[in-house]
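Descriptive analysis of the structure
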Amino acid sequence: MPSSTSSSEPNVQRSKYDRALPKRPLGRAFVVAVIVAASLLVAWEMHWRSFGVMPSYRNSNGLWAMERRRIDRGEGDATVIIGSSRALFNTQLDVWERESGERPIQLALEGTTPLSIMEDLADDPDFSGTLIVGVAPGLFFGGFEYRRKAFDQYLNESPSQWLGQRISMLAEPWLAFYSYDYGLFTVIKRQPWPERAGVETEMDVRKLVNLGRDRNARMWSKVETDPEYQALARKIWADGFIPIEERDAEWIANALDNRRKQIDRAVAATRKLREKGVEVVFVRNPAEGHYAVSEPMYNPRQETWDVLIEETGALGLHWQDHEEMQGYWLPEWSHMSASEADRYTEALYHLIQRERAAQAADSTAEASQ
Amino acid sequence: MLALHNAPLSWTTKKTNLLIASYLFYAAWNPPFVILLWLSTVVDWHVAKRLFTEEVKSKRRMLLAISVIVNLGLLGYFKYGQFLLENFIALVALAGITYQPPDWNIVLPVGISFYTFQTMAYSLDVYLRRAEPSKSFLDFALFVTFFPQLVAGPIVRPTHLLPQFAVARVATPQQLYWGLALMTIGLFQKVVVADGLLAPAADAVFGAGETLHPLDAWLGTLAFSGQIFSDFAGYSTTAIGVALTLGFGLPDNFRFPYAAIGFSDFWRRWHISLSSWLRDYLYIPLGGNRKGNLRTYANLMTTMLLGGLWHGASWTFVVWGGLHGLYLGVERWLKARVGKLAIWTTLPMQILLALLTYFFINITWVFFRAPDFATAWRLIDTMLTFETAGEKVLPTVFITQTVVTIAVMLAVHWTMRERRLDDVVARVPGWLTGLIWGAMLMLIVITQGGSDAFIYFQF
C-alpha cells in the first residue's frame, strides 16, 4: 500500500509533484511584461485625460454603504439627503456645510427611488436627524431601483467587499481611466456599431459628474462646455420615450396601482420618521426640456406630488412654487451645472429654514387656538 | 503571503501562516461558514485515524459512514435542502396534499462541493487502503483549506498535496515567474474573455424570456460555452499560478477541452479533477466496465447523473449530466462497432468529429445555463428547427465579440490539442512572451472587471 498520504515521510521526491516549467528563463519576459503593461497603461490614462476626464471616486455600492454606515456609527443626528440623481447632483455638501455648519450625509442614488432607504431609516433607531427627500417623479412614483444593489451591499456586505472597496479607493483619486464609463468593454459597446434590424437597444447614460470622497457630486465640466457631449446626454434622456397615449389600458392601470403603492409607502415611512422626531422635507428639483413634457404626462403634479405632501403632512418644496428654486442652468435638462448647484444649494438651504420656521409658527398658532 | 512565505521562518510557522490565510480567505465571503471547514477537518481527521487501525469490517464501514454522512449531510443541507423540499412539495401535491413549509432561505457556503469532495477523498483513500492517514494535523487542516484551490478547485487528492506539505517549499525564480504568468492568463480568461467578451451575449440570450431568432439562440449558447470555460479554467489557472508562486504544484484541471474528439476525450480535458474523482470514487467502485456491457452503461449514466447534480440542485443539471451519460454510452457503443476504421484518423475527419463533439456539448450547455426547462426547450427548439420568427436580442457588438472570440478559442484549442503551454512558451522568444504577457496585464486592468463572482463558486 502506498503511504503517500503520509506527510511525515522524510524522502518525498519534490519533482514528483512539481509542475512542468518552460525551459527558458522567464525573468526577462517578466521585465518586458511590466514595462509593456506600464507603458500601455500610461498611454491609456493620457488618452482619457486628453478627453477631459479627471480622477474621481467611483459611485460604487461600497462607497454608498460606507456613507450609510456613518448613521450607525454616531452620526445618526445628521441631515441626510436621499433621492435620485437630481438630489445627488444639485445638493452641494460644501455649500450646505458653509451655510449650516454641518455637513450632510449624501445617500441619493441615481435612477433609484429613495423609498427603500427611507423605510430603512424609519426603522433605524440610530437615525434621529433631518431627512431631505428628493422626488424625481418617474422614479419616486414608479418605484424603480436601478441602484438597489448599493442598499443590498449595505445590508449584507461581506468582508471581501469591504476590503475591496478600501483597496479600490486607494487608486480612484489618482487614475482617470478607473471609472465605470471607461472600462474597456463599456467603451467598445459605445462605439457607433452598425444597427441590427429588429434589435432594440437603449443608450447607456454617460458620465455626468465627478464624485468626492463622501459622495459630493459635481457636474463634469465636459457636460457644461462640450455642446456635442451635452447633446448626447439630452438625446439619451429622450431615447425610447413613449407618449402615454400609446400605452394600453392595462399598462396604465398597473402604473396607477403602482403609484398608489409608492405613495402609501412614503406616507407610512414619513409617519414613522416623524413619530421618532425626524423632520422630513420633500424636495422637487427643477427639470426642463424633455422632462417638462414627459414628467407631467406620466405623473401630473395634482395626482402625485400634491397627494404626497397632503397625505404625509410633511414640508414639501416644489420648484414651481418658489422663486428661489427657479432660473438655474440645467445643461442636459435634468441636473444643474456645478456652479449653479452651489447657488441652488445655498438658496434651498435658506428656503428650507424659512419654510420650517413658518410651518413651526403655523403649528404653534394652531395649538394655541 | 509571498513575503511571509519567503521570510526566514520555520516550515511549521509558514504552514501555520498558510492555514490562517486560508481561513481568512474563506471568511472573506461569510465568516461563520469557516465552522463548516473546521467540522469537516476534525471529523475526517479522526475518522481516517480510526479507519487505519480498525480491522473489523463492520466498524470500518460505520466509520466511513460517519465521514460520508457528515460531509454529504452538510452538502445536502446547504445545497440540496431547497431542491429536496420543492420536490417533496411537488410529490405530495400529486397525492392531493397541499404542503406549504416556511421559506428555506439558506445561503450556500461558497465552494462547499469542492472541499467536501476533497475531504471525502481522504477518508475514502484510507478506507480503500489506498493510502495512510496523515501524521500531522496541521498538514491535514491545510490540505482541507489550502486557499488557492479551496473554493473552486482543482479538487486535489490528498496523495498529491499532503506530501508537498512535508518538506519546506519555496518557489524558485522560474516557478515564481511562471506562477505569475499563469495568474495573468487565468485572470485574463476570467475578466477579459468570460466577463467582458462573452457574458453580455450569454446573459442577453438566456435572460430573454421569449422565443429567439436561431442566430441569437446559437450565439448565446456558443458565448456561454466560451464563458463557462474561460470562467472556470480561468479560476483553475489562477489557482495553479498562486500555488506555484508559493512553491506548490497543483494538477491541471483543463486541457483545451473544445478540441476534444468524442466525449470520453472531452472528460479527459474538462474539469479533470472532478471527472477523475468521479471515476475513482464512484464509477470504479460501482464496477466500472468490469461487470459486463449493460452494467457499464448503467455505471456511466449513474456517474454522470450524479456529476450533474454535483453542479447544482436543479433538474436542469441532472439533464445536463444525463446527456453526457447518454453521449458517453452512445460513443462507447459506436466505438465497439466502427471505432477501428482507418477513416477516423484522417485530419478532416478528426476536425469534423471535434466540431461534432463541440456541437453536442453546446446542446448540454443550454440545460446547464438555462434557469428552467421552459427556457431550455425554447432555445433548443429554435436552435434545431431554425425557425426565424423569434425575437432578436443581440446587437452587432455582442455578435462580433462572440463570433471572433469563439473562433479564436476553437483555433487555440485545436492548435494546442497535443501541446503543453510551457513547451510553447519555451519555443517563443522571451521578448514576445513579455509583450503578450504585458498586453494581457494591461487588458485585465483596463477592463476593470465588475463584481461578477466566478460561476463555479456557486457549486
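How each quantity is defined
In this convention, every chain numbers its residues from 1, walking through the sequence in written order. To read the labels, note that chains go from A and ligands from 1, taken in the order they are written. Selection of residues for local features in this predicted model requires a pLDDT of at least 70, selection of side-chain atom pairs for listing and counting requires 80 or more, and totals for whole chains, interfaces and linings are taken over all residues. The helix count covers DSSP runs of H or I at least four residues long, the strand count covers runs of E at least two residues long, and both are numbered beginning at the N terminus. Only C-alpha atoms enter the radius of gyration, while the globule expectation follows 2.2 Å times N to the 0.38, with N the number of residues. With C-beta atoms placed from the backbone, the exposure class of a residue follows from how many other C-beta atoms lie within 10 Å of its own: 20 or more, buried; 12 or fewer, exposed; in between, partly exposed. By definition, residue pairs are in contact when their C-beta atoms, positioned from the backbone, come within 7 Å. In this description, one arc is meant: the one made by directions from the helix axis to the C-beta atoms. Whether two strands pair depends on DSSP finding at least two bridges between them. Throughout, the edges of the domains are those of an automatic or database domain assignment. Per residue, pLDDT captures the predictor's confidence, and it can take any value from 0 to 100. Think of each axis as a best-fit line through the C-alpha atoms, taken over the contacting stretch in the case of a helix, with angles from 0 to 180 degrees between the N-to-C directions. What sets the label is the angle itself: under 35 degrees gives roughly parallel, over 145 gives roughly antiparallel, 65 to 115 gives roughly perpendicular, and the rest give oblique. Put simply, Ala, Val, Leu, Ile, Met, Phe, Trp, Tyr, Cys and Pro go in the nonpolar bin, Asp, Glu, Lys and Arg in the charged bin, and everything else, Gly too, in the polar bin. The handedness criterion is simple: a crossing whose near helix is rotated anticlockwise from the far helix by less than a right angle is left-handed, and one whose near helix is rotated clockwise is right-handed. Helices are assigned an expected span. That span is 1.5 Å times one less than the residue count. A residue's bend is given by the angle between axes fitted to the 7 residues ending at it and the 7 residues starting at it.

**What about the overall build of chain B?**
Of the regular secondary structure elements, chain B holds 18 helices and zero strands. A compact globule built from 459 residues should have a C-alpha radius of gyration of about 23 Å, and chain B, at 23 Å, falls within 12% of that. When the 459 residues of chain B are sorted by exposure, 47% land in the buried category. Taking all contacts inside chain B whose residues are at least 6 apart in sequence as the whole, residues at least 24 apart take part in 76%.

**Focus: the overall build of chain A**
Counting its regular elements, chain A contains 16 helices and seven strands. Each principal axis of the C-alpha distribution contributes one length, and for chain A these read about 95 × 55 × 50 Å. Evaluated residue by residue, chain A yields a buried proportion of 34% over its 369 residues. The contacts of chain A with a sequence gap of at least 6 include a subset with a gap of at least 24, amounting to 82%.

**With respect to unusual backbone geometry**
All names here are of chain B. Non-glycine residue phenylalanine 256 carries a positive phi angle of around 45°. As for its position among the elements, phenylalanine 256 is in the loop between helix H9 (214–245) and helix H10 (263–267). Residues other than glycine seldom take positive phi values, yet histidine 271 does so here, at roughly 40°. Structurally, histidine 271 can be placed in the loop between H10 and helix H11 (272–283).

**Concerning helix H8 (residues 148–156) of chain A**
Residues and elements named next belong to chain A. Taken as a whole, H8 has its buried residues at Ala150, Phe151, Gln153 and Tyr154. Burial along H8 is one-sided: seen end-on, the buried residues are contained in an arc of 155°. Seen from the open side of H8, the exposed residues pointing more than 90 degrees away from its buried face are Leu155 and Asn156. Buried positions along H8 lie against helix H3 (61–72), helix H6 (115–123) and helix H9 (159–171).

**Structural notes on the sheet that holds strand S7 (residues 315–318) of chain A**
Residues and elements named next belong to chain A. Across the sheet, five strands lie side by side as S2-S1-S3-S6-S7; this open sheet has parallel pairing. On the outer flanks of this sheet lie strand S2 (105–106) and S7, each paired with one strand and no other. In this structure, strand S1 (residues 79–82) lies alongside S2, joined through two bridges in parallel fashion. Bridge pairing in S2 links isoleucine 81 to glutamine 106.

**Section: the domain arrangement of chain B**
Residues and elements named next belong to chain B. Taken as a whole, chain B is organised into domain 1 (2–168) and domain 2 (174–458). With centres defined by C-alpha atoms, the gap from domain 1 to domain 2 works out at 26 Å. Every contact between the two is made by 23 residues of domain 1 and, on the other side, 23 residues of domain 2. Elements that contribute at least two residues to the side of domain 1 that touches domain 2 include exactly helix H1 (2–5), helix H4 (57–94) and helix H5 (112–127).

**Digging into the interface of chain A and chain B**
Contacts between the two partners involve 51 residues from chain A, matched on the other side by 58 residues from chain B. Counting residues per element, the ones that place at least two in the side of chain A that touches chain B are helix H1 (14–17), helix H2 (27–50), H9 and helix H10 (184–189) of chain A. At 14 residues, H2 of chain A tops the list of elements feeding residues into the side of chain A that touches chain B.

**What about the confidence of the model for chain B?**
Here chain B shows a mean pLDDT of 91. Residues at 70 or above account for 98%. Across the assembled chains, the prediction reports ipTM 0.87 with pTM 0.90.

**Topic: the pairing of strand S3 (residues 130–134) of chain A**
All names here are of chain A. Taking burial as the measure, the five residues of S3 include four buried ones, the bulk of the element. Of the pairings in the sheet, the one linking S1 to S3 comprises four bridges and is parallel in character. Within S3, the residue paired with isoleucine 82 across the bridge is valine 133. Inspection of the sheet shows S3 paired to strand S6 (residues 279–284) by five bridges, in the parallel sense. Bridging from a neighbouring strand, threonine 130 pairs with glutamate 279 of S6.

**Observations regarding the environment of tryptophan 220 of chain A**
Residues and elements named next belong to chain A. When you line up the elements, tryptophan 220 lands in the loop between strand S5 (217–219) and helix H11 (221–225). Judged by C-beta crowding, with 23 C-beta atoms within 10 Å, tryptophan 220 ranks as buried. Distance in space between the C-alpha atoms of tryptophan 220 and leucine 208 is 5.5 Å, their sequence separation being twelve residues.

**Side note on the packing of helix H3 (residues 34–53) of chain B against H4 of chain B**
All names here are of chain B. Relative orientation of the contacting elements H3 and H4 amounts to 170°, with a least axis distance of 9 Å. The angle between the axes of H3 and H4 places the two elements in the roughly antiparallel class. Between H3 and H4, the residues in contact are Leu36, Leu39, Ser40, Val43, Asp44, Val47, Arg50 and Leu51 and Arg60, Leu63, Leu64, Ile66, Ser67, Val70, Asn71 and Leu74, respectively. Here the residues of the contact of H3 with H4 are counted per class, giving ten nonpolar, three polar and three charged.

**Considerations on the packing of helix H13 (residues 315–338) of chain B against helix H14 (residues 347–369) of chain B**
Residue and element names in this part refer to chain B. Axis separation between H13 and H14 bottoms out at 7 Å; the angle between their running directions is 160°. Between H13 and H14, the crossing angle belongs to the class labelled roughly antiparallel. As for the relative orientation of H13 and H14, their crossing is right-handed in sense. On the side of H13, the interface is formed by Thr316, Phe317, Val319, Trp320, Leu323, His324 and Tyr327, while H14 contributes Phe360, Ile363, Thr364, Phe367 and Phe368. A per-class count over the contact of H13 with H14 returns nine nonpolar, three polar and no charged.

**Description of H4 of chain B**
All names here are of chain B. For H4, with 38 residues, the first-to-last C-alpha span of 42 Å runs short of the 56 Å given by 1.5 Å per residue. At tyrosine 80, H4 shows its largest kink, close to 70°. When we look at burial in H4, the residues that qualify are Leu63, Ser67, Val70, Asn71, Leu75 and Lys79. The elements touched by buried residues of H4 are H3 and H5. Glycine 96, located one to two residues past H4, shows a positive phi value of around 85°.

**Concerning the environment of alanine 65 of chain B**
Residue and element names in this part refer to chain B. With respect to the helices, strands and loops of the structure, alanine 65 is situated in helix H4. Judged by the 11 C-beta atoms lying within 10 Å of it, alanine 65 falls in the exposed class. Counting along the chain gives 227 residues from alanine 65 to glycine 292, while the straight-line C-alpha distance between them is 29 Å.

**A look at the pairing of S6 of chain A**
All names here are of chain A. Counting buried residues in S6 gives five out of six residues, a clear majority hidden from the surface. Examined bridge by bridge, S6 and S7 share four bridges and lie parallel to one another. Considered in S7, the bridge of arginine 284 is made with histidine 318.

**Some words on the environment of glutamate 45 of chain A**
Residues and elements named next belong to chain A. Its place among the elements puts glutamate 45 in helix H2. Since 19 C-beta atoms lie within 10 Å of it, glutamate 45 is described here as partly exposed. Along the primary structure glutamate 45 and alanine 176 are separated by 131 residues, whereas in three dimensions their C-alpha atoms are 6.3 Å apart. Beyond its immediate chain neighbours, meaning those up to four positions away, glutamate 45 contacts Leu175, Ala176 and Phe177.

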